[in-house]
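Coordinate analysis (summary)
Given next are the chains, with one letter for each unit.
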Amino acid sequence: MINFKLDTEYIELIKLIKALSISESGAQAKIFVEDGQVTRNGEIEYRKRAKIRPGDKIEIFDEVIIVE
């Protein structure tokens, strides 16, 4: 599990995936989201620019990310 502390109001989903080095690029992060490989709070998230806020739980592959 990864705890990610935000220092802003939110972060876009693809930027979060890239910031944590789960993807090598923003383009690869977009593909992960478009392919339905990312869940937000237990539901598949297809919006690449979804605003991820504190309290959200993101799951991608074997990683669980808790946003604080």
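Below: a short report on this structure. (Residues numbered from 1 in each chain as written. Predicted model: local features only at pLDDT ≥ 70, side-chain atom pairs only at ≥ 80, totals over all residues. Heavy atoms only, no water.)

A word on helix H2 (residues 26-34)
- Among the residues of H2, Ala 29, Phe 32 and Val 33 are the ones counted as buried. Taken down its axis, H2 places every buried residue within 95° of arc, on the same side.
- Lining the buried residues of H2 we find helix H1 (13-19), strand S3 (38-40) and strand S6 (57-60).
- Looking one or two places after H2, you find Gly 36, whose phi comes out positive at around 75°. (Buried < 20%, exposed > 50% of the residue type's maximum accessible area, 1.4 Å probe, protein only. Helix = DSSP H or I, 4+ residues; strand = E, 2+ residues; numbered from the N terminus. Arc of directions from axis to C-beta. Contact = heavy atoms within 4.5 Å.)

Some words on unusual backbone geometry
- Here Ser 21, not a glycine, exhibits a phi torsion of approximately 60°, which is positive.
- Structurally, Ser 21 is set in the loop between H1 and H2.
- A residue is classified by how much of its surface remains accessible, and Ser 21, at 62% relative accessible area, is exposed.
- Phi is positive for Asn 41, which is not a glycine, with a value near 55°.
- Secondary-structure assignment places Asn 41 in the loop between S3 and strand S4 (43-44).

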